[in-house]
2 protein chains.
Amino acid sequence: MELLEEHRCFEGWQQRWRHDSSVLNCAMTFSIFLPPPRTNPPPVLYWLSGLTCNDENFTTKACAQRIAAELGIVLVMPDTSPRGEHVPNSESYDLGQGAGFYLNATQQPWAGHFRMYDYICDELPALIADNFSISEKASIFGHSMGGHGALSIALKNPGRFCSVSAFAPIVNPTRVPWGQKAFTAYLGADESQWRAWDSCCLLMDADSANALPTLIDQGDADQFLADQLQPAQFAEVARQKNWPLTLRVQPGYDHSYYFIATFVEDHLRFHAEHLLK
Amino acid sequence: MELLEEHRCFEGWQQRWRHDSSVLNCAMTFSIFLPPPRTNPPPVLYWLSGLTCNDENFTTKACAQRIAAELGIVLVMPDTSPRGEHVPNSESYDLGQGAGFYLNATQQPWAGHFRMYDYICDELPALIADNFSISEKASIFGHSMGGHGALSIALKNPGRFCSVSAFAPIVNPTRVPWGQKAFTAYLGADESQWRAWDSCCLLMDADSANALPTLIDQGDADQFLADQLQPAQFAEVARQKNWPLTLRVQPGYDHSYYFIATFVEDHLRFHAEHLLK
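Residues numbered from 1 in each chain as written. Chains lettered and ligands numbered in written order. Predicted model: local features only at pLDDT ≥ 70, side-chain atom pairs only at ≥ 80, totals over all residues. Heavy atoms only, no water.

Undergrad: How should I be thinking about the sheet that holds strand E5 (residues 74-77) of chain B in this particular structure?
TA: Working definition: the strands of a sheet are paired by backbone hydrogen bonds and lie parallel or antiparallel to each other. Residues and elements named next belong to chain B. Across the sheet, which stays open at both edges, the 9 strands sit in the order E1-E2-E3-E5-E4-E6-E7-E8-E9 with mixed pairing between neighbours. Unpaired on one side and paired on the other, strand E1 (2-9) and strand E9 (245-250) mark the two borders of the sheet. Going across the sheet, the axis of each strand differs from the next one's by a mean of 15°, ignoring polarity. As paired strands, strand E4 (residues 44-48) and E5 are joined by 3 bridges and run parallel to one another. Following the sheet pairing, Val-44 is matched in E5 by Val-74. Where helix H3 (residues 116-131) meets the sheet, its contacts fall on strand E2 (12-21), strand E3 (26-34), E4, E5 and strand E6 (138-143), and the angle it forms with E3 comes to roughly 55°. Across the sheet, helix H8 (residues 231-241) lies against strand E8 (214-219) and E9, angled at about 150° from E9, the strand it touches most. (Pairing = 2+ DSSP bridges. Helix = DSSP H or I, 4+ residues; strand = E, 2+ residues; numbered from the N terminus. Axes fitted to C-alpha atoms, helices over the stretch in contact; angles between N-to-C directions. Contact = heavy atoms within 4.5 Å.)

Structure, rendered in C-alpha coordinates:
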(Lines give C-alpha, C1' and ligand atoms only; values in the text may rest on other atoms or scores of the structure.)
Protein backbone atom coordinates (compact mmCIF):
# COMPACT_ATOMS: atom_id res chain seq x y z
CA MET A 1 0.00 0.00 0.00
CA GLU A 2 1.20 3.48 -0.85
CA LEU A 3 0.11 6.54 1.14
CA LEU A 4 -0.88 9.25 -1.36
CA GLU A 5 -2.12 11.95 1.01
CA GLU A 6 -2.52 12.55 4.70
CA HIS A 7 -4.25 15.47 6.42
CA ARG A 8 -4.98 16.23 10.05
CA CYS A 9 -8.75 16.60 10.36
CA PHE A 10 -10.83 16.98 13.53
CA GLU A 11 -7.91 15.69 15.61
CA GLY A 12 -7.90 12.51 13.53
CA TRP A 13 -6.32 11.73 10.16
CA GLN A 14 -7.75 11.78 6.64
CA GLN A 15 -5.64 9.51 4.43
CA ARG A 16 -5.68 8.38 0.80
CA TRP A 17 -4.07 5.06 -0.17
CA ARG A 18 -3.29 3.20 -3.39
CA HIS A 19 -2.93 -0.57 -3.56
CA ASP A 20 -2.88 -3.32 -6.20
CA SER A 21 -6.19 -5.16 -6.24
CA SER A 22 -5.93 -8.82 -7.25
CA VAL A 23 -9.74 -9.06 -7.39
CA LEU A 24 -10.11 -6.15 -9.80
CA ASN A 25 -6.80 -6.58 -11.62
CA CYS A 26 -5.85 -2.94 -11.33
CA ALA A 27 -4.47 -0.34 -8.92
CA MET A 28 -7.18 0.99 -6.61
CA THR A 29 -7.39 4.09 -4.46
CA PHE A 30 -9.37 4.42 -1.27
CA SER A 31 -9.76 7.11 1.38
CA ILE A 32 -9.97 6.48 5.10
CA PHE A 33 -10.69 8.67 8.10
CA LEU A 34 -9.07 7.58 11.35
CA PRO A 35 -10.63 9.19 14.43
CA PRO A 36 -8.49 10.32 17.36
CA PRO A 37 -7.15 7.19 19.15
CA ARG A 38 -9.12 5.78 22.07
CA THR A 39 -8.61 2.86 24.41
CA ASN A 40 -10.57 0.40 22.27
CA PRO A 41 -10.07 -0.15 18.55
CA PRO A 42 -12.82 1.63 16.61
CA PRO A 43 -15.45 -0.01 14.38
CA VAL A 44 -15.57 0.64 10.63
CA LEU A 45 -18.29 2.31 8.61
CA TYR A 46 -18.00 1.70 4.86
CA TRP A 47 -19.30 4.38 2.48
CA LEU A 48 -20.22 3.44 -1.11
CA SER A 49 -20.49 6.34 -3.54
CA GLY A 50 -22.76 6.85 -6.52
CA LEU A 51 -22.31 7.06 -10.28
CA THR A 52 -19.32 9.09 -11.55
CA CYS A 53 -17.85 9.38 -8.05
CA ASN A 54 -14.55 8.13 -6.69
CA ASP A 55 -13.19 7.88 -3.14
CA GLU A 56 -12.97 11.66 -2.76
CA ASN A 57 -16.57 12.88 -3.18
CA PHE A 58 -17.81 11.83 0.23
CA THR A 59 -14.39 12.52 1.75
CA THR A 60 -14.36 16.17 0.73
CA LYS A 61 -18.07 17.08 0.61
CA ALA A 62 -20.06 15.20 3.25
CA CYS A 63 -18.63 16.75 6.41
CA ALA A 64 -18.77 13.36 8.13
CA GLN A 65 -15.33 13.49 9.79
CA ARG A 66 -16.49 15.79 12.59
CA ILE A 67 -19.04 13.28 13.80
CA ALA A 68 -16.86 10.22 13.13
CA ALA A 69 -14.15 11.85 15.24
CA GLU A 70 -16.60 12.51 18.05
CA LEU A 71 -18.08 9.02 17.97
CA GLY A 72 -14.83 7.14 17.37
CA ILE A 73 -15.68 5.48 14.05
CA VAL A 74 -13.34 4.71 11.13
CA LEU A 75 -14.77 5.77 7.75
CA VAL A 76 -13.64 3.85 4.65
CA MET A 77 -14.42 5.34 1.23
CA PRO A 78 -13.57 3.05 -1.72
CA ASP A 79 -13.73 3.93 -5.40
CA THR A 80 -16.86 3.02 -7.40
CA SER A 81 -15.22 0.70 -9.97
CA PRO A 82 -11.92 -0.63 -11.22
CA ARG A 83 -9.88 2.04 -13.02
CA GLY A 84 -7.11 2.35 -15.57
CA GLU A 85 -6.32 2.46 -19.26
CA HIS A 86 -6.39 -1.34 -19.48
CA VAL A 87 -9.78 -1.53 -17.73
CA PRO A 88 -12.84 -1.65 -20.03
CA ASN A 89 -14.92 1.48 -20.17
CA SER A 90 -17.88 2.97 -21.99
CA GLU A 91 -18.72 6.47 -23.09
CA SER A 92 -21.74 6.53 -20.78
CA TYR A 93 -21.44 7.97 -17.30
CA ASP A 94 -23.61 5.11 -16.03
CA LEU A 95 -21.58 2.14 -17.32
CA GLY A 96 -17.95 1.11 -16.93
CA GLN A 97 -15.44 3.10 -14.92
CA GLY A 98 -17.18 5.08 -12.18
CA ALA A 99 -20.22 2.79 -12.47
CA GLY A 100 -19.31 -0.62 -11.06
CA PHE A 101 -22.70 -1.19 -9.40
CA TYR A 102 -21.06 -3.24 -6.60
CA LEU A 103 -21.64 -6.57 -8.35
CA ASN A 104 -19.53 -9.30 -9.98
CA ALA A 105 -19.81 -9.02 -13.75
CA THR A 106 -20.16 -12.25 -15.72
CA GLN A 107 -20.19 -10.78 -19.23
CA GLN A 108 -17.39 -9.60 -21.48
CA PRO A 109 -15.62 -7.23 -21.68
CA TRP A 110 -16.36 -6.55 -18.02
CA ALA A 111 -15.90 -9.91 -16.31
CA GLY A 112 -12.12 -9.76 -15.82
CA HIS A 113 -12.17 -6.53 -13.78
CA PHE A 114 -15.66 -5.57 -12.63
CA ARG A 115 -15.92 -7.54 -9.39
CA MET A 116 -16.71 -4.70 -6.98
CA TYR A 117 -18.86 -7.00 -4.84
CA ASP A 118 -15.89 -9.26 -4.03
CA TYR A 119 -13.67 -6.23 -3.61
CA ILE A 120 -15.99 -4.56 -1.08
CA CYS A 121 -16.91 -7.78 0.75
CA ASP A 122 -13.53 -9.51 0.87
CA GLU A 123 -10.40 -7.82 -0.42
CA LEU A 124 -10.91 -4.33 0.99
CA PRO A 125 -11.99 -5.39 4.53
CA ALA A 126 -9.01 -7.77 4.73
CA LEU A 127 -6.69 -4.95 3.67
CA ILE A 128 -8.20 -2.61 6.25
CA ALA A 129 -7.96 -5.22 9.01
CA ASP A 130 -4.32 -5.95 8.13
CA ASN A 131 -3.21 -2.33 8.07
CA PHE A 132 -5.27 -0.46 10.66
CA SER A 133 -6.26 -1.04 14.26
CA ILE A 134 -10.01 -1.71 14.09
CA SER A 135 -12.62 -3.71 15.94
CA GLU A 136 -14.57 -6.52 14.30
CA LYS A 137 -17.74 -4.48 14.06
CA ALA A 138 -18.71 -2.91 10.76
CA SER A 139 -21.65 -1.13 9.17
CA ILE A 140 -22.22 0.13 5.65
CA PHE A 141 -23.96 3.01 3.91
CA GLY A 142 -24.02 4.74 0.56
CA HIS A 143 -25.64 7.10 -1.93
CA SER A 144 -27.69 6.34 -5.06
CA MET A 145 -25.78 3.51 -6.84
CA GLY A 146 -23.84 3.23 -3.57
CA GLY A 147 -27.09 3.00 -1.63
CA HIS A 148 -27.96 0.04 -3.85
CA GLY A 149 -24.50 -1.35 -3.04
CA ALA A 150 -24.87 -0.89 0.70
CA LEU A 151 -28.35 -2.41 0.90
CA SER A 152 -27.64 -5.35 -1.41
CA ILE A 153 -24.30 -6.18 0.20
CA ALA A 154 -25.84 -6.04 3.68
CA LEU A 155 -28.77 -8.23 2.60
CA LYS A 156 -26.48 -10.77 0.91
CA ASN A 157 -24.32 -11.10 4.03
CA PRO A 158 -26.55 -11.66 7.06
CA GLY A 159 -24.74 -11.09 10.34
CA ARG A 160 -21.85 -9.31 8.70
CA PHE A 161 -22.93 -5.72 9.44
CA CYS A 162 -24.44 -4.11 12.52
CA SER A 163 -26.60 -1.68 10.51
CA VAL A 164 -27.13 -0.32 7.01
CA SER A 165 -28.28 3.03 5.67
CA ALA A 166 -28.61 4.87 2.41
CA PHE A 167 -29.24 8.26 0.85
CA ALA A 168 -31.51 8.13 -2.21
CA PRO A 169 -30.64 4.50 -3.03
CA ILE A 170 -31.47 2.59 -6.20
CA VAL A 171 -33.48 -0.08 -4.38
CA ASN A 172 -34.98 -1.95 -7.30
CA PRO A 173 -32.38 -1.89 -10.10
CA THR A 174 -34.05 -4.68 -12.10
CA ARG A 175 -36.98 -2.34 -12.72
CA VAL A 176 -35.31 1.02 -13.48
CA PRO A 177 -33.26 2.31 -16.44
CA TRP A 178 -29.92 2.69 -14.61
CA GLY A 179 -30.09 -0.84 -13.26
CA GLN A 180 -31.45 -2.46 -16.40
CA LYS A 181 -28.70 -0.94 -18.52
CA ALA A 182 -25.93 -1.94 -16.10
CA PHE A 183 -27.29 -5.42 -15.35
CA THR A 184 -27.74 -6.21 -19.05
CA ALA A 185 -24.14 -5.24 -19.70
CA TYR A 186 -22.55 -6.80 -16.62
CA LEU A 187 -24.82 -9.82 -16.04
CA GLY A 188 -26.33 -10.54 -19.47
CA ALA A 189 -29.85 -10.52 -20.86
CA ASP A 190 -31.14 -13.37 -18.67
CA GLU A 191 -33.09 -11.41 -16.09
CA SER A 192 -33.21 -14.38 -13.71
CA GLN A 193 -29.55 -13.60 -12.99
CA TRP A 194 -30.43 -10.06 -11.89
CA ARG A 195 -32.48 -10.87 -8.78
CA ALA A 196 -29.37 -11.70 -6.74
CA TRP A 197 -28.29 -8.04 -7.05
CA ASP A 198 -31.62 -6.28 -6.44
CA SER A 199 -32.32 -5.08 -2.89
CA CYS A 200 -36.09 -5.41 -3.21
CA CYS A 201 -35.76 -9.03 -4.39
CA LEU A 202 -33.12 -9.77 -1.75
CA LEU A 203 -35.31 -8.33 0.98
CA MET A 204 -38.29 -10.35 -0.26
CA ASP A 205 -36.19 -13.51 0.10
CA ALA A 206 -34.55 -12.49 3.38
CA ASP A 207 -35.01 -14.37 6.64
CA SER A 208 -36.61 -11.92 9.07
CA ALA A 209 -34.57 -13.56 11.81
CA ASN A 210 -31.64 -11.71 10.25
CA ALA A 211 -33.42 -8.37 10.36
CA LEU A 212 -30.91 -5.52 10.25
CA PRO A 213 -31.53 -1.95 11.43
CA THR A 214 -32.02 0.00 8.19
CA LEU A 215 -32.31 3.76 7.59
CA ILE A 216 -33.07 5.44 4.26
CA ASP A 217 -33.24 9.19 3.60
CA GLN A 218 -34.81 10.40 0.38
CA GLY A 219 -35.25 13.99 -0.78
CA ASP A 220 -38.61 14.68 -2.39
CA ALA A 221 -37.06 17.17 -4.86
CA ASP A 222 -34.62 14.52 -6.07
CA GLN A 223 -34.60 14.62 -9.87
CA PHE A 224 -34.16 10.82 -10.01
CA LEU A 225 -36.83 9.90 -7.47
CA ALA A 226 -39.64 8.79 -9.77
CA ASP A 227 -37.65 7.14 -12.56
CA GLN A 228 -34.67 5.55 -10.85
CA LEU A 229 -35.02 5.36 -7.07
CA GLN A 230 -38.56 4.54 -5.87
CA PRO A 231 -37.73 3.84 -2.22
CA ALA A 232 -41.44 3.15 -1.60
CA GLN A 233 -40.92 -0.20 -3.38
CA PHE A 234 -38.40 -1.20 -0.74
CA ALA A 235 -40.55 0.19 2.07
CA GLU A 236 -43.49 -1.92 0.91
CA VAL A 237 -41.41 -5.11 1.01
CA ALA A 238 -40.03 -4.10 4.40
CA ARG A 239 -43.57 -3.65 5.66
CA GLN A 240 -44.55 -7.11 4.43
CA LYS A 241 -41.46 -8.66 6.05
CA ASN A 242 -41.74 -6.65 9.24
CA TRP A 243 -38.20 -5.44 8.52
CA PRO A 244 -36.82 -2.65 10.79
CA LEU A 245 -36.69 0.08 8.14
CA THR A 246 -36.99 3.78 8.78
CA LEU A 247 -37.65 5.62 5.50
CA ARG A 248 -37.56 9.38 5.89
CA VAL A 249 -38.73 11.68 3.11
CA GLN A 250 -36.95 15.04 3.34
CA PRO A 251 -38.98 17.89 1.83
CA GLY A 252 -37.17 20.06 -0.70
CA TYR A 253 -33.92 18.09 -0.78
CA ASP A 254 -32.38 16.90 -4.06
CA HIS A 255 -29.81 14.24 -5.06
CA SER A 256 -26.72 16.33 -4.26
CA TYR A 257 -24.07 16.22 -1.55
CA TYR A 258 -25.85 19.18 0.09
CA PHE A 259 -28.58 16.66 0.92
CA ILE A 260 -26.02 14.15 2.20
CA ALA A 261 -24.16 16.75 4.26
CA THR A 262 -27.42 17.84 5.88
CA PHE A 263 -28.36 14.38 7.15
CA VAL A 264 -25.05 12.54 7.46
CA GLU A 265 -24.90 13.28 11.19
CA ASP A 266 -28.16 11.36 11.69
CA HIS A 267 -26.74 8.40 9.75
CA LEU A 268 -23.51 8.30 11.75
CA ARG A 269 -25.40 8.47 15.03
CA PHE A 270 -27.74 5.72 13.80
CA HIS A 271 -24.79 3.46 12.97
CA ALA A 272 -23.02 4.36 16.22
CA GLU A 273 -26.02 3.07 18.17
CA HIS A 274 -25.44 -0.36 16.65
CA LEU A 275 -21.64 -0.31 16.24
CA LEU A 276 -20.77 0.90 19.70
CA LYS A 277 -23.25 -0.91 21.90
CA MET B 1 -28.76 38.04 -12.10
CA GLU B 2 -29.19 34.47 -13.28
CA LEU B 3 -29.73 31.60 -10.84
CA LEU B 4 -27.43 28.74 -11.92
CA GLU B 5 -28.10 26.25 -9.11
CA GLU B 6 -30.20 25.93 -6.00
CA HIS B 7 -30.05 23.20 -3.36
CA ARG B 8 -31.85 22.73 -0.08
CA CYS B 9 -29.20 22.49 2.62
CA PHE B 10 -29.66 22.38 6.41
CA GLU B 11 -33.19 23.75 6.01
CA GLY B 12 -31.77 26.77 4.18
CA TRP B 13 -30.78 27.26 0.53
CA GLN B 14 -27.43 26.99 -1.21
CA GLN B 15 -27.56 29.03 -4.41
CA ARG B 16 -25.16 29.91 -7.23
CA TRP B 17 -25.66 33.09 -9.24
CA ARG B 18 -24.14 34.70 -12.34
CA HIS B 19 -24.19 38.44 -12.98
CA ASP B 20 -22.46 40.98 -15.21
CA SER B 21 -19.86 42.93 -13.25
CA SER B 22 -19.31 46.48 -14.43
CA VAL B 23 -16.32 46.81 -12.09
CA LEU B 24 -14.55 43.74 -13.48
CA ASN B 25 -15.89 43.95 -17.04
CA CYS B 26 -16.91 40.32 -17.18
CA ALA B 27 -19.57 37.87 -16.05
CA MET B 28 -19.03 36.78 -12.44
CA THR B 29 -20.34 33.84 -10.45
CA PHE B 30 -20.90 33.81 -6.70
CA SER B 31 -22.38 31.32 -4.25
CA ILE B 32 -24.61 32.23 -1.34
CA PHE B 33 -26.05 30.29 1.58
CA LEU B 34 -29.36 31.55 2.92
CA PRO B 35 -30.18 30.21 6.39
CA PRO B 36 -33.76 29.25 7.33
CA PRO B 37 -35.84 32.44 7.59
CA ARG B 38 -36.20 34.13 10.99
CA THR B 39 -38.02 37.19 12.21
CA ASN B 40 -35.07 39.55 11.68
CA PRO B 41 -33.04 39.80 8.47
CA PRO B 42 -29.73 37.96 8.90
CA PRO B 43 -26.25 39.52 8.79
CA VAL B 44 -23.76 38.59 6.06
CA LEU B 45 -20.41 36.86 6.42
CA TYR B 46 -18.20 37.19 3.32
CA TRP B 47 -15.74 34.38 2.54
CA LEU B 48 -12.70 35.09 0.35
CA SER B 49 -11.00 32.02 -1.12
CA GLY B 50 -7.36 31.36 -1.88
CA LEU B 51 -5.27 30.88 -5.02
CA THR B 52 -6.78 28.68 -7.76
CA CYS B 53 -10.19 28.59 -6.03
CA ASN B 54 -13.55 29.86 -7.21
CA ASP B 55 -16.87 30.32 -5.42
CA GLU B 56 -17.37 26.58 -4.99
CA ASN B 57 -14.40 25.43 -2.90
CA PHE B 58 -15.62 26.75 0.41
CA THR B 59 -19.22 26.08 -0.58
CA THR B 60 -18.69 22.36 -1.10
CA LYS B 61 -15.81 21.54 1.27
CA ALA B 62 -15.94 23.66 4.41
CA CYS B 63 -19.12 22.30 6.02
CA ALA B 64 -20.02 25.81 7.16
CA GLN B 65 -23.73 25.71 6.22
CA ARG B 66 -24.71 23.65 9.27
CA ILE B 67 -23.47 26.32 11.64
CA ALA B 68 -24.62 29.26 9.51
CA ALA B 69 -28.11 27.71 9.48
CA GLU B 70 -28.07 27.32 13.25
CA LEU B 71 -26.78 30.84 13.88
CA GLY B 72 -28.83 32.57 11.18
CA ILE B 73 -26.00 34.02 9.08
CA VAL B 74 -25.88 34.50 5.30
CA LEU B 75 -22.62 33.24 3.74
CA VAL B 76 -21.45 34.91 0.51
CA MET B 77 -18.68 33.21 -1.48
CA PRO B 78 -17.36 35.25 -4.44
CA ASP B 79 -14.89 34.10 -7.07
CA THR B 80 -11.19 34.96 -6.64
CA SER B 81 -10.72 37.04 -9.82
CA PRO B 82 -12.39 38.20 -13.01
CA ARG B 83 -12.86 35.35 -15.49
CA GLY B 84 -13.34 34.77 -19.18
CA GLU B 85 -11.55 34.39 -22.48
CA HIS B 86 -11.27 38.15 -22.90
CA VAL B 87 -9.80 38.58 -19.39
CA PRO B 88 -5.97 38.62 -19.17
CA ASN B 89 -4.38 35.53 -17.70
CA SER B 90 -0.99 34.00 -17.07
CA GLU B 91 0.27 30.44 -17.11
CA SER B 92 1.08 30.63 -13.39
CA TYR B 93 -1.42 29.43 -10.83
CA ASP B 94 -0.52 32.45 -8.68
CA LEU B 95 -1.15 35.26 -11.19
CA GLY B 96 -4.14 36.22 -13.32
CA GLN B 97 -7.42 34.29 -13.27
CA GLY B 98 -7.91 32.58 -9.92
CA ALA B 99 -5.35 34.92 -8.34
CA GLY B 100 -6.86 38.39 -8.10
CA PHE B 101 -5.32 39.17 -4.69
CA TYR B 102 -8.32 41.37 -3.77
CA LEU B 103 -6.66 44.61 -4.96
CA ASN B 104 -7.17 47.13 -7.76
CA ALA B 105 -4.52 46.60 -10.43
CA THR B 106 -2.89 49.69 -11.93
CA GLN B 107 -0.65 47.96 -14.46
CA GLN B 108 -1.35 46.54 -17.91
CA PRO B 109 -2.63 44.13 -19.05
CA TRP B 110 -4.47 43.72 -15.72
CA ALA B 111 -5.83 47.20 -14.96
CA GLY B 112 -9.03 46.95 -17.04
CA HIS B 113 -10.39 43.90 -15.20
CA PHE B 114 -8.50 43.12 -12.02
CA ARG B 115 -10.33 45.32 -9.51
CA MET B 116 -11.37 42.69 -6.98
CA TYR B 117 -11.06 45.20 -4.14
CA ASP B 118 -13.77 47.43 -5.59
CA TYR B 119 -15.83 44.36 -6.49
CA ILE B 120 -15.74 42.95 -2.94
CA CYS B 121 -16.12 46.33 -1.20
CA ASP B 122 -18.74 47.97 -3.40
CA GLU B 123 -20.34 46.11 -6.29
CA LEU B 124 -20.96 42.75 -4.63
CA PRO B 125 -22.38 44.07 -1.33
CA ALA B 126 -24.72 46.38 -3.27
CA LEU B 127 -25.88 43.42 -5.36
CA ILE B 128 -26.46 41.31 -2.25
CA ALA B 129 -28.35 44.11 -0.51
CA ASP B 130 -30.53 44.68 -3.59
CA ASN B 131 -31.45 41.03 -4.07
CA PHE B 132 -31.60 39.41 -0.64
CA SER B 133 -33.15 40.27 2.69
CA ILE B 134 -30.17 41.02 4.95
CA SER B 135 -29.32 43.23 7.88
CA GLU B 136 -26.69 45.97 7.67
CA LYS B 137 -24.17 44.01 9.70
CA ALA B 138 -21.33 42.23 7.93
CA SER B 139 -18.12 40.40 8.75
CA ILE B 140 -15.44 38.93 6.53
CA PHE B 141 -13.06 35.98 6.56
CA GLY B 142 -10.90 34.01 4.16
CA HIS B 143 -8.12 31.52 3.49
CA SER B 144 -4.53 32.11 2.38
CA MET B 145 -4.76 34.75 -0.42
CA GLY B 146 -8.36 35.21 0.78
CA GLY B 147 -7.10 35.67 4.34
CA HIS B 148 -4.94 38.49 3.01
CA GLY B 149 -8.05 39.84 1.28
CA ALA B 150 -10.22 39.67 4.41
CA LEU B 151 -7.63 41.28 6.70
CA SER B 152 -6.60 44.02 4.27
CA ILE B 153 -10.17 44.89 3.27
CA ALA B 154 -11.25 45.04 6.93
CA LEU B 155 -8.25 47.23 7.84
CA LYS B 156 -8.84 49.58 4.89
CA ASN B 157 -12.51 50.07 5.84
CA PRO B 158 -12.75 50.91 9.55
CA GLY B 159 -16.24 50.52 10.93
CA ARG B 160 -17.44 48.56 7.94
CA PHE B 161 -17.19 45.06 9.46
CA CYS B 162 -18.07 43.70 12.89
CA SER B 163 -15.19 41.20 12.94
CA VAL B 164 -12.55 39.62 10.71
CA SER B 165 -10.90 36.20 10.68
CA ALA B 166 -8.59 34.14 8.54
CA PHE B 167 -7.20 30.66 8.00
CA ALA B 168 -3.49 30.64 7.13
CA PRO B 169 -3.53 34.17 5.69
CA ILE B 170 -0.81 35.87 3.67
CA VAL B 171 -0.37 38.71 6.17
CA ASN B 172 2.71 40.41 4.78
CA PRO B 173 2.53 40.09 0.98
CA THR B 174 5.16 42.77 0.34
CA ARG B 175 7.74 40.47 1.93
CA VAL B 176 6.88 37.02 0.53
CA PRO B 177 7.18 35.48 -2.96
CA TRP B 178 3.43 35.14 -3.71
CA GLY B 179 2.79 38.76 -2.82
CA GLN B 180 5.90 40.18 -4.44
CA LYS B 181 5.12 38.45 -7.73
CA ALA B 182 1.47 39.54 -7.75
CA PHE B 183 2.13 43.10 -6.55
CA THR B 184 4.89 43.62 -9.13
CA ALA B 185 2.53 42.52 -11.89
CA TYR B 186 -0.64 44.25 -10.68
CA LEU B 187 0.82 47.38 -8.98
CA GLY B 188 4.19 47.86 -10.67
CA ALA B 189 7.77 47.85 -9.46
CA ASP B 190 7.41 50.88 -7.16
CA GLU B 191 7.20 49.17 -3.79
CA SER B 192 5.82 52.29 -2.12
CA GLN B 193 2.54 51.46 -3.89
CA TRP B 194 2.42 48.05 -2.22
CA ARG B 195 1.99 49.14 1.40
CA ALA B 196 -1.68 50.03 0.88
CA TRP B 197 -2.40 46.31 0.21
CA ASP B 198 -0.30 44.71 2.96
CA SER B 199 -2.09 43.79 6.19
CA CYS B 200 1.00 44.19 8.36
CA CYS B 201 1.61 47.69 6.98
CA LEU B 202 -2.09 48.57 7.23
CA LEU B 203 -2.22 47.39 10.83
CA MET B 204 0.91 49.39 11.66
CA ASP B 205 -0.83 52.52 10.35
CA ALA B 206 -4.24 51.69 11.86
CA ASP B 207 -5.94 53.81 14.50
CA SER B 208 -6.34 51.60 17.56
CA ALA B 209 -9.62 53.36 18.21
CA ASN B 210 -10.91 51.33 15.26
CA ALA B 211 -9.71 48.04 16.74
CA LEU B 212 -11.63 45.13 15.23
CA PRO B 213 -12.01 41.67 16.79
CA THR B 214 -9.60 39.50 14.78
CA LEU B 215 -9.08 35.72 14.79
CA ILE B 216 -6.40 33.82 12.87
CA ASP B 217 -5.95 30.04 12.76
CA GLN B 218 -2.69 28.65 11.40
CA GLY B 219 -1.70 24.99 11.07
CA ASP B 220 1.89 24.28 12.07
CA ALA B 221 2.23 21.58 9.37
CA ASP B 222 1.21 24.07 6.66
CA GLN B 223 3.66 23.71 3.77
CA PHE B 224 3.50 27.48 3.13
CA LEU B 225 3.93 28.65 6.70
CA ALA B 226 7.58 29.66 6.70
CA ASP B 227 7.92 31.05 3.17
CA GLN B 228 4.57 32.68 2.41
CA LEU B 229 2.41 33.14 5.51
CA GLN B 230 4.34 34.13 8.65
CA PRO B 231 1.38 35.08 10.84
CA ALA B 232 3.82 35.91 13.65
CA GLN B 233 4.68 39.11 11.73
CA PHE B 234 1.07 40.22 12.01
CA ALA B 235 0.87 39.10 15.65
CA GLU B 236 3.91 41.20 16.52
CA VAL B 237 2.35 44.35 15.02
CA ALA B 238 -0.93 43.55 16.78
CA ARG B 239 0.97 43.28 20.06
CA GLN B 240 2.59 46.68 19.51
CA LYS B 241 -0.77 48.24 18.63
CA ASN B 242 -2.68 46.48 21.39
CA TRP B 243 -4.95 45.12 18.63
CA PRO B 244 -7.54 42.48 19.68
CA LEU B 245 -5.99 39.56 17.76
CA THR B 246 -6.27 35.92 18.72
CA LEU B 247 -3.70 33.85 16.78
CA ARG B 248 -4.13 30.13 17.29
CA VAL B 249 -1.49 27.67 16.10
CA GLN B 250 -3.08 24.30 15.37
CA PRO B 251 -0.64 21.40 15.74
CA GLY B 252 -0.45 18.99 12.81
CA TYR B 253 -2.83 20.87 10.50
CA ASP B 254 -1.86 21.77 6.93
CA HIS B 255 -3.10 24.29 4.31
CA SER B 256 -6.04 22.17 3.08
CA TYR B 257 -9.81 22.40 3.43
CA TYR B 258 -9.58 19.62 6.04
CA PHE B 259 -7.97 22.27 8.25
CA ILE B 260 -10.68 24.80 7.39
CA ALA B 261 -13.51 22.30 7.95
CA THR B 262 -12.09 21.42 11.36
CA PHE B 263 -12.10 24.98 12.68
CA VAL B 264 -14.77 26.76 10.64
CA GLU B 265 -17.31 26.29 13.43
CA ASP B 266 -15.10 28.31 15.78
CA HIS B 267 -14.86 31.09 13.18
CA LEU B 268 -18.61 31.26 12.60
CA ARG B 269 -19.28 31.37 16.33
CA PHE B 270 -16.63 34.09 16.71
CA HIS B 271 -18.29 36.20 14.00
CA ALA B 272 -21.77 35.49 15.40
CA GLU B 273 -20.70 36.99 18.73
CA HIS B 274 -20.09 40.29 16.95
CA LEU B 275 -22.71 40.11 14.19
CA LEU B 276 -25.65 39.14 16.35
CA LYS B 277 -25.13 41.17 19.51
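Having seen the model, we can carry on.
Undergrad: For this particular structure, what's the right way to read the packing of aromatic side chains?
TA: Each aromatic ring pair is characterised by the separation of its centres together with the angle its planes make. Residues and elements named next belong to chain A. With the rule as written, the count across this model stands at 32 aromatic pairs over all chains. On the basis of an interplanar angle of 85° and a centroid distance of 5.4 Å, the ring pair of Trp-110 and Tyr-186 is categorised as edge-to-face. Taken together, the positions of Trp-110 in the loop between strand E5 (74-78) and helix H3 (116-131) and Tyr-186 in helix H5 (residues 177-187) put the pair 76 residues apart, joining distant regions of the chain. A connected cluster of aromatic rings, assembled from ring pairs, spans Trp-47, Phe-58, Phe-141, Phe-167, Tyr-253, Phe-259 and Phe-263. We note Lys-156 situated over the ring of Trp-197; from NZ or CZ to the ring centre the distance is 4.0 Å. (Phe/Tyr/Trp six-rings, centres within 6.5 Å; stacked < 30°, edge-to-face > 60°. Lys NZ or Arg CZ within 6 Å of the ring centre and 35° of its normal.)

Undergrad: It is not clear to me how the UniProt feature "active site" (unreviewed entry) in chain A should be interpreted in this structure. Could you clarify?
TA: All names here are of chain A. The UniProt record annotates "active site" (unreviewed entry) at Ser-144, Asp-222 and His-255. A maximum C-alpha distance of 10.8 Å places the annotated residues, which cover 112 residues in sequence, within one compact spot. For Ser-144, a relative accessible area of 3% gives the class buried. Ignoring anything within four residues of it in the chain, the contact list for Ser-144 reads Gly-50, Phe-167, Ala-168, Pro-169, Ile-170, Trp-178, Leu-229 and His-255. With respect to the helices, strands and loops of the structure, His-255 is situated in the loop between strand E9 (245-250) and helix H9 (257-275). Judged by relative accessible area, His-255 falls into the buried class, the value being 10%. (UniProt positions renumbered as here; feature names shortened; annotations may be inferred. Buried < 20%, exposed > 50% of the residue type's maximum accessible area, 1.4 Å probe, protein only.)

Undergrad: Looking at this model, I keep getting lost on the interface of chain B and chain A. Mind explaining?
TA: Interfaces are often described in size by the accessible area the parts lose on coming together. With 24 residues of chain B at the contact, the number on the chain A side is 24 residues. When the buried surface of chain B facing chain A is broken down by residue, Arg-8, Phe-10 and Tyr-258 of chain B rank first, second and third, together holding 33% of it. Our count for the contact surface shared by chain B and chain A stands at 0 salt bridges. Across the contact surface, chain B and chain A share 8 residue pairs in polar contact (both at pLDDT 80 or more). Among the secondary structure elements, those contributing two or more residues to the side of chain B that touches chain A are E1, E2, helix H1 (56-61), helix H2 (65-71) and helix H9 (257-275) of chain B. Take the side of chain B that touches chain A: its biggest share by element is 5 residues, from H9 of chain B. Of the residues that constitute the side of chain B that touches chain A, the class distribution is 9 nonpolar, 8 polar and 7 charged. (Buried area = accessible area lost by both parts, 1.4 Å probe. Salt bridge = Lys/Arg side-chain N within 4 Å of Asp/Glu carboxyl O. Polar contact = N/O pair within 3.5 Å; in protein donor to acceptor, adjacent residues only side chain to side chain. Nonpolar A, V, L, I, M, F, W, Y, C, P; charged D, E, K, R; others polar.)

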